[in-house]
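# Chains, contacts and geometry: an overview
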Amino acid sequence: MADPVVQIWTDGACKGNPGPGGWGALLRQGAHEKKLHGGEPDTTNNRMELLAVIEALRALKRPCVVTVHTDSSYVQKGMTEWLPNWKRRGWRTADKKPVKNADLWQVLDALAERHALHWKWVRGHAGDPGNECADALANLGVEELLSRRP
């Protein structure tokens, strides 16, 4: 039996950078959709972009063929261009500095090994329905976080 084919759209949001942030993901397999979101009180936009992909991949119950649609060139280039060199250098950049968000990159790298991943960069706020949904979910993550504050 072939691995399921899944489309995922992800986005992160941050009110201040750093500040309260949210992440959102839309997963679609055929006619089935799943929407996920969450937030963190003190974070950055890049961490939320990464966490959106991580949580989406964690939601998959078995290996899949996945296309990740992201408006984050940081995430897309990190996974398709920078990651092998970071790993080879012991999680250091070309100028020998520690990789920012290495904790999340390592989690994402491990999750990615389970799936056949394809990365597609999409322009944010340009009318892509999946991206607009992920953006709304990320903002919902921030709103829910802020509404729980005393």
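Our structure's up above, just so we're on the same page.
None of the values given here were measured: they were computed from a predicted structure.

## Some details on the layout of surface pockets
Empty space within the largest pocket amounts to approximately 210 Å³. Together, 13 residues line the largest pocket, and Val6, Leu27, Gln29, Ala59 and Leu60 are the ones closest to its centre. Broken down by secondary-structure element, the contributors of at least two residues to the lining of the largest pocket are strand 2 (19–29) and strand 3 (32–43). Of the residues belonging to the lining of the largest pocket, the class tally is 6 nonpolar, 2 polar and 5 charged.

## A word on unusual backbone geometry
Look at the link from Asn17 to Pro18: it is a cis peptide, with omega at 15 degrees. Its location among the elements puts Pro18 in the loop between strand 1 (5–14) and strand 2. Despite not being glycine, Trp91 shows a phi value in the positive range, around 65 degrees. Here Trp91 is to be found in the loop between helix 2 (73–88) and helix 3 (102–112). The exposure class of Trp91 is buried, given its relative accessible area of 18%. Unusually for a residue other than glycine, His125 sits at a positive phi of about 55 degrees. For His125, the position within the fold is in the loop between strand 5 (116–121) and helix 4 (129–147). Residue His125 is classed as exposed on the basis of its relative accessible area, which comes to 59%.

## Considerations on the pattern of salt bridges
Within the structure shown, the criterion is met by 5 salt bridges. A salt bridge links Arg28 to Glu33; the nearest nitrogen and oxygen atoms lie 2.6 Å apart.

## Some thoughts on the sheet that holds strand 2
The strands making up a sheet are joined through hydrogen bonds of the backbone, oriented either antiparallel or parallel. The sheet built from 5 strands is open, its strands ordered 3-2-1-4-5 with mixed pairing. A single partner strand is all that each edge strand has here, and the edge strands are strand 3 and strand 5. Each strand axis lies, on average, 20 degrees off the axis of its neighbour in the sheet, ignoring direction. Sheet strands in contact with helix 1 (residues 45–58) are strand 1, strand 2, strand 3, strand 4 (65–70) and strand 5, and its direction is about 155 degrees off that of strand 1.

## Describing the nonpolar core
In this structure, Ile8, Leu27, Leu57, Leu60, Val66, Trp105 and Leu108 are the most contacted members of the largest nonpolar core, which totals 34 residues. Elements supplying a minimum of two residues to this core: strand 1, strand 2, helix 1, strand 4, helix 2, helix 3 and strand 5. The element best represented in this core is helix 1, accounting for 8 residues. If you look at the next biggest cluster of nonpolar residues, it comprises 5 residues, including Trp9, Leu26, Ala134 and Leu137.

Reading guide: rules and limits
- Residues numbered from 1 in each chain as written.
- Predicted model: local features only at pLDDT ≥ 70, side-chain atom pairs only at ≥ 80, totals over all residues.
- Heavy atoms only, no water.
- 1 Å grid on protein atoms, 1.4 Å probe; cavity = no way out; pocket = protein on both sides within 12 Å on 5 of 7 lines; lining within 4 Å.
- Points joined across faces, edges and corners; volume = space filled by probe spheres on them.
- Helix = DSSP H or I, 4+ residues; strand = E, 2+ residues; numbered from the N terminus.
- Nonpolar A, V, L, I, M, F, W, Y, C, P; charged D, E, K, R; others polar.
- Buried < 20%, exposed > 50% of the residue type's maximum accessible area, 1.4 Å probe, protein only.
- Salt bridge = Lys/Arg side-chain N within 4 Å of Asp/Glu carboxyl O.
- Pairing = 2+ DSSP bridges.
- Axes fitted to C-alpha atoms, helices over the stretch in contact; angles between N-to-C directions.
- Contact = heavy atoms within 4.5 Å.
- Core = buried A, V, L, I, M, F, W, Y, C linked by side-chain atoms within 4.5 Å.

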